[in-house]
Protein chains: 2
Amino acid sequence: MFGSDVYASRRARLTSRFDGGLLLFPGNVESPMNYADNCFRFRQDSTFLYYFGLDQPDLAAVIDVDDGTATVFGDELTIDHIVWMGDLPTIAERAQRVGVSDTRPLAALGDVVGAALAAGRRVRFLPPYRADTVLRIAGLLGLPTDEVAGRASIDLIRAVVDQRSIKAPEEIEELDKAATTSVAMHEAAIRMVKPGMREAEVAAEVERIAVAAGGRLSFPVIATIHGETLHNHVHTNAASDGDLFLLDCGAETALGYAGDLSSTFPVSRRFTDRQRVIYELQLAAQNTAVQMLAPGVPFRDVHFAASRVIFEGLRDLGIFKGNADEALEAGAHAMVLPCGTGHMMGLDVHDMENLGEVWVGYDGQPKSTQFGLKSLRLARPLEPGFVVTVEPGIYFIPQLMDLWRSQGTCAQFIDFDELDEWRDFGGVRNEEDYLVTTDGARRLGPHKPQTVDEIERLRGA
Amino acid sequence: MFGSDVYASRRARLTSRFDGGLLLFPGNVESPMNYADNCFRFRQDSTFLYYFGLDQPDLAAVIDVDDGTATVFGDELTIDHIVWMGDLPTIAERAQRVGVSDTRPLAALGDVVGAALAAGRRVRFLPPYRADTVLRIAGLLGLPTDEVAGRASIDLIRAVVDQRSIKAPEEIEELDKAATTSVAMHEAAIRMVKPGMREAEVAAEVERIAVAAGGRLSFPVIATIHGETLHNHVHTNAASDGDLFLLDCGAETALGYAGDLSSTFPVSRRFTDRQRVIYELQLAAQNTAVQMLAPGVPFRDVHFAASRVIFEGLRDLGIFKGNADEALEAGAHAMVLPCGTGHMMGLDVHDMENLGEVWVGYDGQPKSTQFGLKSLRLARPLEPGFVVTVEPGIYFIPQLMDLWRSQGTCAQFIDFDELDEWRDFGGVRNEEDYLVTTDGARRLGPHKPQTVDEIERLRGA
C-alpha cells in the first residue's frame, strides 16, 4: 500500500466536500464460486482501496464528517482462521498503516449507523454493484433491498469521481507498472501463437504473466480468432493460418491499478493484403486519436475523429458511401465501430464504472441513446491527470450486418453487398493507455509493437 | 456437455423421489469483481450443471414433479449482447441439448412459482451460497431474505446428495481427466522451483496449465513456503534454500469436474534429515489411509488410522507422549493435524459442500465439535462410486502451539518444549484422489511422484 499520509490526505480532501453526516464505505466480502468457502480471488472495492488501502475482506469504514474522524470496522482473527488462512496484524495495526487510529468490531457498524440515523444525520453511500453489499446496506439502513441503489448519494459519487479522476504521482507510477506488465503479456502472445494452437493456451499464458508479476488480470482475457465480438471470452477455438488473432488483456498491479491493451496479429507470419488494409486503417485512426489527446479536448471529439478516419477509409473501399458528416451524425460508422474509442482507467479498468458513466465520462450530462454512441464511456473534456485508453476498432459483425440490412438502417451510407464481402473478416483493434499531461499526453508503459513491420517481425516473418 | 439422455435420466431419478410440487434450480448469475460488468470467470451452480448441463449465466430451471416435466427459463440474446459477448444458440436449442423441450422467458419463472404457491403446492430449493440467489429466491417466494436459508428443503438436499455422491462412468472419465491435468501441474511445479523464486511464479504456472487445458483451477492455488497454514493463499514470499514448498492445487475440467492434489518438496535439491523424517511419516500415514479405502469402511476410521500413524511417529520423536488411544480420543493429534484426512470430490472440489457436510459426509449424523475433528468433512462408510481425497498432513503451527501451551490443552500428550524445536518447520501434505470401487479403490489419474527418491529426482538431485 501507499504511505499512511496518502490515505489520510485523500480522506481529508473528501471530507472537505461535505457539511456533515456519515460517509459509509462497505468493503467487499469474498465472492463464492460454487460454495461459500470456495471463493474467487478476493477483489477489494476500489473506492475502499482508494481511501482506506486495506486489501482484506470483511472490513468497513466510516468517515464522520462532523468531527472529521475515520473509523475502520473489522473483527480480529480466530485461531481457526489463523490455522486455515494464516495470521494478519490486528485491526488496529492494519488501520494504523492507512492513518486511521479508531477501530471497532464489525458488529458496531450497525450501532454507529443506527445512532446517526436516529439523530437525523445523513448517511451517504455509493451505488452497490454486488448483491452482498445491497443486503448489507439494506440491513444497516433499514431499507428494502430494491430501494438501496436509488438511495445512493449523488453528492458522494461526484466528490469521489472528481478526486479519483485526477491521478496522483504515486498512482501514475502504479499505472506505468501495470502497462509495462501488460506490454510483456502482449509481446509473449504475439510471439507464441501458431496454427493449431487453441485460444485457451494464449489466454493461459498472458494470465500467467500477470499473476507471476504479483498481481492479476485487470479483466477477463479476450484472446480470440473472432475479434469481431468485442468482449469475446470464449477460448475454445484453434487458430488457423489466415486467421486474425485479437488479444485484449491487461495486468492489475498488487495495489489494484489496471493496464488495458489490445493487439491484433495474423496467425500466419504475415498479414494478407486484405488484413493489412484494414489493420493500417485502424492504426491510422489510433494515431489520429492519440495525437488529439490534450487538456480541454472533449473525448467525444477524439472518438469522432477516429470514427471519421475509419468511415472515410472504408468509403474508399466501397463499404461506406455518402457524406461523412451526415454518416457520422446518423451513426453509420457504428456498423463497424459499435463501441467507444476509449475510457477512463485507474483502480478499475473502466475506472469508476460502478459510480455511473454519466458522472465519470459525461460530467452529469446525458449520454446518447444511439446504437454505438451509447457505448462511448467517455465524452467530457480531458484534464491533466486523466488516464484513458485509446482503442478504436474495425469489426465485421455478421449478425449486425444482417439486422441493419433487413431493417434498412443507415442504408444511404452503407453498400450492404460490398460489406458482405467482408463478412468473415473478423475484427481489428489496437489499444494503448495514455496519461493526459498539462500540454498533451504521454503513453503509459513502454511502446507496444504495433506497426505492420513490428508485428510481422515478432511473428517471425 | 454429456448426452441429453444423461441429464434426462438424472432428472427422472430425482423426480421419482418426490410425490409432488416444484423443484426449483436457480442457475448462477455473473459475479462482479469491481463493477457490474467486470466479472470473475463465470461458474455455474454445480447442481444446476448436474441436472441441466447448461454452463451460461441467467438461466433457471424447474422440475414439476406432478406432471414430470422440466422447464428451462432464460431470455434470448439481444443484438447488444451478440455484438459485445458473442452469439449463442436459442434457449430452446440449448435446452434441447440437455433433453428439455419446454422453455420460457426468465420473467415467467415468477408466474410459475407464484401459481404453484397459490395452489398450495410445495416449492423445494437448495440452500443458497450466493447473495444474488438469496435475493432471487426471496423475491420468487415472497420471503424475507434472512429466512431463505432456513426454508431450504432437507428432502431435496438428501435426494441430490444421494444421487451426486455416486459417480457414474461418464463422471469418472471427467474426474480422471481432471486428475491427469492436476498431476501435470504438480510435476511442473516440483521441477521449476528454485531458490529466489517467488511463490506467485509457481501459482501462476500451475494456473496456466489448468487454463491451457481448457478448464480452470478447481480452487485457489495454495503455493507456499508456509505450508503450516492449511489454505494459504498468500504468494508474496520468495523461496530459499532449506525451505519446504507446499503446493495444493487442482484442475477443473471444462465440464466442471475437479481434481485436488497436494505435494511437498524441498526448495533445495534434497530434503534435510529433519524434513525427510516428517515427510516419510506423512507418506506412511497417506499409504495407511489409501490401503483402507473400501466399501463399508467409515472414512472416520481412515482418518483415525492416519492420525494414529502420525501420533505414534511423532511420539517416537518425543513430541507426543502417552497412550495413543487416549490421545486420539482427546484430540491431541489435532495440534499437528487440525483438519480431516479427506473429503468427497466431484463437480465441487469439496463435493456438495453447499448442501451441508452433515448430509454429504455424515449421512445426517451430527459432527463433532472438537477442534480438529470438527473439520473432518467426511466420516460415513464409503460406498462404490464415492470419489474422495486422501490428504493427511503434519503441520507445525506456532500460534496453535502457543495457544495450547498457554491453556494447557492436551498437556499430558504433548511435550511442548520438544514441539517448540519444530516451530519453524512448516507443513507437509501429500494428497491423491481415489474412486471407491466394489472391492477397494483405485487412484484417479496417473501416479504423482511422491516418494523421497521420486521427488529428489525431479528436483535434480
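This one's a predicted model, so the numbers in the text were calculated from it and none came from an experiment. (Residues numbered from 1 in each chain as written. Chains lettered and ligands numbered in written order. Predicted model: local features only at pLDDT ≥ 70, side-chain atom pairs only at ≥ 80, totals over all residues. Heavy atoms only, no water.)

Description of the relation of the copies chain A and chain B
Between the two copies of the chain lies a rotation about an axis combined with a shift along it.
Here is step 1 of the chain: For the pair chain A and chain B, the relating rotation is 180°, the translation along its axis is 0.0 Å, and the fit reaches an RMSD of 0.0 Å. Such a combination of turn and shift is consistent with a two-fold rotation axis.
Here is step 2 of the chain: Here 100% of the interface residues in chain A have copies in chain B that are interface residues too; the copies meet face to matching face. (Least-squares fit on C-alpha atoms with pLDDT ≥ 70 in both. Contact = heavy atoms within 4.5 Å.)

What to know about the pairing of strand S12 (residues 261-266) of chain B
Here is step 1 of the chain: Burial analysis of S12(B) places six of its six residues in the buried class, which makes it a mostly covered element.
Here is step 2 of the chain: Here S12(B) shows two buried faces, one formed by B:Leu261, B:Ser263 and B:Phe265 and the other by B:Ser262, B:Thr264 and B:Pro266. (Buried < 20%, exposed > 50% of the residue type's maximum accessible area, 1.4 Å probe, protein only. Helix = DSSP H or I, 4+ residues; strand = E, 2+ residues; numbered from the N terminus.)

Quick word on the environment of B:Leu109
Residue and element names in this part refer to chain B.
Here is step 1 of the chain: One can find leucine 109 in helix H5 (residues 108-118).
Here is step 2 of the chain: Leucine 109 sits in the buried class, given a relative accessible area of 2%.
Here is step 3 of the chain: In this structure, the C-alpha to C-alpha distance between leucine 109 and proline 26, residues 83 residues apart in sequence, is 9.9 Å.
Here is step 4 of the chain: If we skip the residues at most four places from it in the chain, leucine 109 touches Leu24, Ala60, Val62, Phe73, Arg136 and Leu140.

Brief notes about the sheet that holds strand S10 (residues 244-249) of chain A
All names here are of chain A.
Here is step 1 of the chain: Spatial strand order, S9-S10-S12: three strands in an open sheet with antiparallel pairing. Sheet topology places strand S9 (222-224) and strand S12 (261-266) at the edges, where each strand pairs with a single neighbour. Here the strands of the sheet are splayed against their neighbours by 10° on average, with no regard to which way each runs.
Here is step 2 of the chain: Looking at chain direction, S10 and S12 are connected through six bridges and run antiparallel. (Pairing = 2+ DSSP bridges. Axes fitted to C-alpha atoms, helices over the stretch in contact; angles between N-to-C directions.)

Concerning the interface of chain A and chain B
Here is step 1 of the chain: With 66 residues of chain A at the contact, the number on the chain B side is 66 residues.
Here is step 2 of the chain: Taken over both partners, the interface formed by chain A and chain B buries close to 5,200 Å², and the fraction arising from carbon and sulfur atoms is 63%.
Here is step 3 of the chain: On the surface where chain A and chain B come into contact, there are two salt bridges.
Here is step 4 of the chain: Between B:Lys374 and A:Asp80 there is a salt bridge, with the nearest N and O atoms lying 3.2 Å from each other.
Here is step 5 of the chain: At the junction of chain A with chain B, the criterion picks out 20 residue pairs in polar contact (both at pLDDT 80 or more).
Here is step 6 of the chain: Looking at the side of chain A that touches chain B, the elements that each hand over two or more residues are strand S2 (32-35), strand S3 (38-39), helix H3 (79-85), helix H6 (131-141), helix H9 (199-212) and helix H14 (398-407) of chain A. (Buried area = accessible area lost by both parts, 1.4 Å probe. Salt bridge = Lys/Arg side-chain N within 4 Å of Asp/Glu carboxyl O. Polar contact = N/O pair within 3.5 Å; in protein donor to acceptor, adjacent residues only side chain to side chain.)

Things to note about unusual backbone geometry
Here is step 1 of the chain: The phi dihedral of A:Asp58 is positive, around 65°, even though this residue is not glycine.
Here is step 2 of the chain: Along the chain, A:Asp58 turns up in the loop between helix H2 (46-52) and strand S4 (60-64).
Here is step 3 of the chain: The backbone phi angle of B:Asp363 is positive, close to 55°, even though this residue is not glycine.
Here is step 4 of the chain: The topology assignment puts B:Asp363 in the loop between helix H13 (357-362) and strand S13 (387-390).
Here is step 5 of the chain: A relative accessible area of 38% places B:Asp363 in the partly exposed class.

A word on the pattern of salt bridges
Here is step 1 of the chain: The tally for this structure, following the rule as stated, stands at 65 salt bridges over all chains.
Here is step 2 of the chain: Between A:Asp417 and A:Arg405 there is a salt bridge, and its shortest N-O distance comes to 3.0 Å. One end of the pair, A:Asp417, is in helix H15 (residues 416-420); the other, A:Arg405, is in helix H14, and twelve residues separate them in sequence.
Here is step 3 of the chain: Note on A:Asp417: relative accessible area 52%, which makes it exposed.
Here is step 4 of the chain: B:Asp248 is the salt-bridge partner of B:Arg429, the closest N and O atoms lying 2.8 Å from each other. Remark: B:Asp248 occurs in strand S10 (residues 244-249) and B:Arg429 occurs in strand S15 (residues 427-429); sequence separation between them is 181 residues. For the residue pair B:Arg429 and B:Asp248, the accessibility class agrees, reading buried in each case.
Here is step 5 of the chain: A cluster of three or more residues bridged by salt bridges with shared partners is formed by A:Arg158, A:Asp363, A:Arg380 and A:Glu383.

With respect to the sheet that holds strand S16 (residues 432-436) of chain A
Residue and element names in this part refer to chain A.
Here is step 1 of the chain: Across the sheet, three strands lie side by side as S13-S16-S17; this open sheet has antiparallel pairing. Looking at the sheet topology across the chains shown, the edges are occupied by strand S13 (387-390) and strand S17 (441-443). When the angles between neighbouring strand axes are averaged without regard to direction, this sheet yields 35°.
Here is step 2 of the chain: Where S13 meets S16, four bridges bridge the pair, whose relative direction is antiparallel. Looking at the pairing, valine 388 lines up with tyrosine 434 of S16.
Here is step 3 of the chain: Taken strand by strand, helix H8 (residues 169-192) contacts S13, S16 and S17, and its axis lies near 40° from that of S17.

A word on the packing of aromatic side chains
Residues and elements named next belong to chain A.
Here is step 1 of the chain: Throughout the structure, instances matching the rule amount to 27 aromatic pairs over all chains.
Here is step 2 of the chain: Considering the side-chain rings of phenylalanine 2 and tyrosine 257, the 6.2 Å spacing of their centres and the 55° angle between planes classify their relative orientation as tilted. Here the residue phenylalanine 2 occupies a position in the segment before helix H1 (4-15), and tyrosine 257 occupies one in the loop between strand S11 (251-252) and S12, the gap between them amounting to 255 residues.
Here is step 3 of the chain: By relative accessible area, phenylalanine 2 is classed as buried at 13%.
Here is step 4 of the chain: Note on tyrosine 257: relative accessible area 2%, which makes it buried.
Here is step 5 of the chain: Ring geometry for phenylalanine 245 versus phenylalanine 265: centroids 5.3 Å apart, planes at 20°, classification stacked. With phenylalanine 245 in strand S10 and phenylalanine 265 in strand S12, the pair connects residues that are 20 residues apart, well separated along the chain.
Here is step 6 of the chain: By relative accessible area, phenylalanine 245 is classed as buried at 1%.
Here is step 7 of the chain: An aromatic cluster of at least three residues, connected via ring pairs, comprises Phe25, Phe48, Tyr50, Tyr51 and Phe52. (Phe/Tyr/Trp six-rings, centres within 6.5 Å; stacked < 30°, edge-to-face > 60°.)

Observations concerning the confidence of the model for chain A
Here is step 1 of the chain: When the pLDDT values of chain A are averaged, the result is 97; 100% of them are 70 or greater.
Here is step 2 of the chain: In the predicted assembly, ipTM is 0.96 and pTM is 0.97. (pLDDT = per-residue confidence, 0-100.)

Digging into the state of the cysteines
Here is step 1 of the chain: For the coordinates displayed, the defined rule picks out zero disulfides over all chains.
Here is step 2 of the chain: No disulfide involves A:Cys410; its nearest neighbouring cysteine sulfur is the one of A:Cys339, lying 16 Å away.
Here is step 3 of the chain: We classify A:Cys410 as buried; its relative accessible area is 12%.
Here is step 4 of the chain: A:Cys39 supplies the cysteine sulfur nearest to B:Cys39, a cysteine that is in no disulfide, at a spacing of 16 Å.
Here is step 5 of the chain: Given a relative accessible area of 11%, B:Cys39 falls into the buried group. (Disulfide = S-S within 2.5 Å.)

Quick notes on the domain arrangement of chain A
Residue and element names in this part refer to chain A.
Here is step 1 of the chain: Taken as a whole, chain A is organised into domain 1 (4-165) and domain 2 (169-458).
Here is step 2 of the chain: In this complex, domain 1 contributes 20 residues to the contact, which on the side of domain 2 involves 24 residues.
Here is step 3 of the chain: Carbon and sulfur atoms supply 50% of the area that domain 1 and domain 2 bury against each other, a total of about 1,800 Å² over both sides.
Here is step 4 of the chain: Among the residues of domain 1 in contact with domain 2, Arg41, Arg164 and Ser165 are the three that bury the most area, contributing 32% of the side total. (Domains from an automatic or database assignment.)

Side note on the side chain of A:Asp45
Residue and element names in this part refer to chain A.
Here is step 1 of the chain: You can see aspartate 45 is positioned in the loop between S3 and H2.
Here is step 2 of the chain: For the buried residue aspartate 45, which engages in no salt bridge, the nearest side chain bearing the opposite charge is arginine 164, 6.2 Å off.
Here is step 3 of the chain: At 3.0 Å, the side chain of aspartate 45 forms a polar contact with the backbone nitrogen of phenylalanine 48.
Here is step 4 of the chain: Polar contacts involving the side chain of aspartate 45 include one to the side chain of tyrosine 129, which spans 2.7 Å.
Here is step 5 of the chain: Apart from residues no more than four positions distant in its own chain, aspartate 45 is found in contact with Pro26, Asn28, Tyr129 and Asn354. (Lys, Arg positive; Asp, Glu negative; His and termini not counted.)

Observations concerning the nonpolar core
Here is step 1 of the chain: Grouped together as the largest cluster of nonpolar side chains are 134 residues, with contacts concentrated most on A:Leu14, A:Phe52, A:Met335 and A:Phe396.
Here is step 2 of the chain: Setting aside residues no more than four positions away along its own chain, A:Met335 makes contact with A:Phe320, A:Tyr395, A:Leu400, A:Met401, A:Trp404, A:Ile414, A:Phe416 and A:Leu419.
Here is step 3 of the chain: Ranked by size, the runner-up nonpolar core spans 133 residues in total, among them A:Tyr35, B:Met352, B:Leu373 and B:Ile394. (Core = buried A, V, L, I, M, F, W, Y, C linked by side-chain atoms within 4.5 Å.)

Some details on the packing of helix H8 (residues 169-192) of chain B against helix H9 (residues 199-212) of chain B
Residues and elements named next belong to chain B.
Here is step 1 of the chain: Direction vectors running N to C along H8 and H9 enclose 150°, while the axes themselves pass 9 Å from each other. With respect to their mutual orientation, H8 and H9 come out roughly antiparallel. In the crossing of H8 with H9, the sense of the turn from one axis to the other is right-handed. In this structure, H8 contributes Thr181, Ala184, Met185, Ala188, Ala189 and Met192 to the contact, and H9 contributes Glu201, Val202, Glu205, Val206, Ile209 and Ala210. (Parallel < 35°, antiparallel > 145°, perpendicular 65-115°, else oblique. Left-handed = near helix turned anticlockwise from the far one by under 90°.)

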